[in-house]
Amino acid sequence: MTFSNQDRPSPIAPLWNRPFLFLNLSLFLMFASIGLLYLYPLVLKAMGNDHHTIGWVMGAFSISAVLSRPFMGKLVIRKGEYGLISAGMALSLVSSLSYHFITMFGPLMLLIRVVHGLGFSAVIAGSFSLLAKEVSPLRRGMAFSMVGVSLMAAVALAPSIGEAIISRYGFNGLYAVAAVAVVMGWLAVILGIQPGSGSSSKKEKDGVRYLSILRRRSFLFLLCSTLIFAHSQATLTNFLALIAAKQDTSAGPFFFFAHLTAIIVLLTLGRLVDRYGKLFLMCLSYPFLSLSILLVPGTIASPLFIVTAVMFGGGMGLLFATHNALAASHGSFREKPAVMALFTGIYDSGFITGAVVSGWIADQVGLDMLFIASGIFTLSGLLIAMFSPMKKM
């Protein structure tokens, strides 16, 4: 049984069936586990590590996830989505349990972070390949909108839940709950997706080359827009707390309203991505994202922060859905795993540059100018959407 209930997607295929629901549940639980470990810097700080070391430890996860993504795309083609997702869940479970035994910074800690990144990369590569291959082309916008709801809900809820767990059960309790979330996510995969779902035939396993995909200008420009979107999103995510603290306020309410808006927008407007066109909504969303980032320094300490947060959340939600749907529309059926591996790898790369490059800019010109520069940079994504060959996709 596939999402479309057929060997290939059908324009009249139902979206809300068992595999789609369980894959969404699996992704929610996986991202909840990752979100709980967003608090791992608290553990590292308690161990006595400096900010530079904390950055490397947290970055090891992302670097591993990004660098391994093309390899994971090849594994999807060779081994199938179900097998790769299950392997990723297994690596994530082992990693989550292993944190319990780490008491100081060292090679073993970095190894666990790298392995955890590999597990996450495998789950993402397998899941997004399955979505791209099995969801009806006429429902991809709605499908990735619902996936966005699952991911954003997990990321929004997990840190607060993690803080409550730490206050009552300590860091070991955090690791245990993160591991339980992975187990439940793995169980959702087992119950909802049959082994062999989305698997390629022997003929389809041969001949897919990343270089040939990257030579397609429309897809290359989509990747450029994806990097801009992810970088801008990550810049705000990483540095909002710092600029809020500078103005003696909290970043928590901003994140709450932003993610709540993104979820509402995806739930209510997700179907518009398929009805009115992905590029149209992308061009509509970029100005909101850009303006919201520009307004952060001037509104974060005032009641107007709600307006800024709503603009950011709405732009973020629609841009997530449109970029994913456009990526899933690219390439032949046998190329979907490679296409989505490249796309998700570039998206995750933006979260690395959003931390590293934006951190360097903040050191050079200050936090206020960082947000102004990032807001202006975000507009380059609008220019790509309006004038690049991407419009021919």
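Residues numbered from 1 in each chain as written. Predicted model: local features only at pLDDT ≥ 70, side-chain atom pairs only at ≥ 80, totals over all residues. Heavy atoms only, no water.

1. Focus on the overall build of the protein
Helices and strands together make up the secondary structure of the protein, namely 14 helices and 0 strands. Element order for the protein, N to C, with α for helix and β for strand: α-α-α-α-α-α-α-α-α-α-α-α-α-α. In the protein, buried positions account for 55% of the 393 residues. Counting contacts in the protein only where the partners sit at least 6 residues apart, residues at least 24 apart contribute 84% of the total. (Helix = DSSP H or I, 4+ residues; strand = E, 2+ residues; numbered from the N terminus. Buried < 20%, exposed > 50% of the residue type's maximum accessible area, 1.4 Å probe, protein only. Contact = heavy atoms within 4.5 Å.)

2. Some words on the packing of aromatic side chains
Counting across every chain of the model gives 12 aromatic pairs. Here Phe254 and Phe312 contribute two aromatic rings whose centre-to-centre distance is 6.2 Å and whose plane-to-plane angle is 45°, an arrangement assigned as tilted. Here the residue Phe254 occupies a position in helix 10 (residues 252–276), and Phe312 occupies one in helix 12 (residues 305–328), the gap between them amounting to 58 residues. Under the relative-accessibility criterion, Phe312 is labelled buried at 2%. Site record: aromatic cluster; members linked through ring pairs are Phe229, Phe320, Tyr347 and Phe351. (Phe/Tyr/Trp six-rings, centres within 6.5 Å; stacked < 30°, edge-to-face > 60°.)

3. Things to note about the packing of helix 9 (residues 217–246) against helix 11 (residues 278–299)
The geometry of helix 9 relative to helix 11 is characterised by a closest axis approach of 11 Å and an angle of 25° between their N-to-C directions. Considering their axes alone, helix 9 and helix 11 lie roughly parallel with respect to each other. Of the two possible hands of crossing, helix 9 and helix 11 adopt the one that is left-handed. For the pair formed by helix 9 and helix 11, the contact residues are Ser225, Ile228, Phe229, Ser232, Leu236, Leu240 and Ile243 on the first element and Met282, Tyr286, Leu289, Ile293, Val296 and Pro297 on the second. Partitioned by chemical class, the residues of the contact of helix 9 with helix 11 number 11 nonpolar, 2 polar and no charged. (Axes fitted to C-alpha atoms, helices over the stretch in contact; angles between N-to-C directions. Parallel < 35°, antiparallel > 145°, perpendicular 65-115°, else oblique. Left-handed = near helix turned anticlockwise from the far one by under 90°. Nonpolar A, V, L, I, M, F, W, Y, C, P; charged D, E, K, R; others polar.)

4. Some words on the environment of Leu130
Considering the arrangement of structural elements, one finds Leu130 in helix 6 (residues 107–134). The class of Leu130 is buried, set by a relative accessible area of 2%. In the structure, Leu130 is positioned 110 residues away from Phe20 in sequence and 9.7 Å away in space, judged by C-alpha atoms.

5. Brief notes about a nonpolar patch on the surface
The grouping of Val365, Met369, Ile372 and Ile376 at the surface amounts to a nonpolar patch, some 340 Å² of accessible area in total. No other element matches the 3 residues that helix 14 (residues 367–387) contributes to the nonpolar patch. As for its position among the elements, Met369 is in helix 14. (Patch = residues over 30% accessible without salt bridge, like charges linked within 9 Å, V, L, I, M, F, W, Y side chains within 5 Å. Areas by Shrake-Rupley, 256 points an atom, 1.4 Å probe, with all protein chains shown as cover. Salt bridge = Lys/Arg side-chain N within 4 Å of Asp/Glu carboxyl O.)

6. Digging into the nonpolar core
One finds Phe254 and Met340 to be the most contacted residues of the largest nonpolar core, which totals 87 residues. The element best represented in this core is helix 7 (residues 140–192), accounting for 13 residues. If near-sequence neighbours (up to four positions away) are discounted, Met340 is found in contact with Phe128, Ser129, Ala132, Phe144, Asn324, Ala327 and Ala328. Within the second largest apolar cluster, 19 residues are counted, among which are Leu37, Leu39, Ile102 and Ile165. (Core = buried A, V, L, I, M, F, W, Y, C linked by side-chain atoms within 4.5 Å.)

7. Quick notes on the confidence of the model for the protein
Fine structural detail should not be taken from predicted coordinates in areas where pLDDT scores are low. Summarising the model, the protein shows a mean pLDDT of 83, and 89% of its residues fall at 70 or more. Low pLDDT, under 50, characterises residues 4–13; the stretch is placed with 25 contacts to residues that sit more than four places away or in other chains. (pLDDT = per-residue confidence, 0-100.)

8. Here we look at helix 5 (residues 81–98)
One full turn of an α-helix is made of 3.6 residues, so residues set three or four places apart face in the same direction. For helix 5, with 18 residues, the first-to-last C-alpha span of 26 Å sits near the 26 Å given by 1.5 Å per residue. Residues of helix 5 that are buried sit in contact with helix 1 (18–36), helix 4 (69–79), helix 6, helix 7 and helix 13 (336–365). (Expected span 1.5 Å × (residues − 1).)

9. What about the packing of helix 11 against helix 12?
Between helix 11 and helix 12, the least distance of the axes is 7 Å, while the angle of their chain directions is 145°. The interaxial crossing formed by helix 11 with helix 12 has left-handed handedness. Of the residues that constitute the contact of helix 11 with helix 12, the class distribution is 18 nonpolar, 7 polar and 1 charged.

10. Concerning helix 12
Given a rise of 1.5 Å per residue, 24 residues ought to cover 34 Å, and the 34 Å separating the end C-alpha atoms of helix 12 matches this to within 8%. Of all 24 residues in helix 12, 21 are buried, a share of seventy percent or more.

11. Thoughts on the pattern of salt bridges
Per the counting criterion, the structure on display carries 2 salt bridges. The salt bridge involving Lys246 is made with Asp368; its shortest N-O contact spans 3.7 Å. You can see Lys246 sitting in helix 9 and its partner Asp368 sitting in helix 14, a full 122 residues away along the chain.

12. Here's the deal with the environment of Leu294
Of note, Leu294 is situated in helix 11. Taking the relative accessible area as the measure of exposure, Leu294 reaches 28% and is therefore partly exposed. For the pair formed by Leu294 and Phe371, sequence separation is 77 residues and the distance between their alpha carbons is 5.8 Å. If sequence neighbours within four positions are ignored, Leu294 has contacts with Phe371, Ile372, Gly375 and Ile376.

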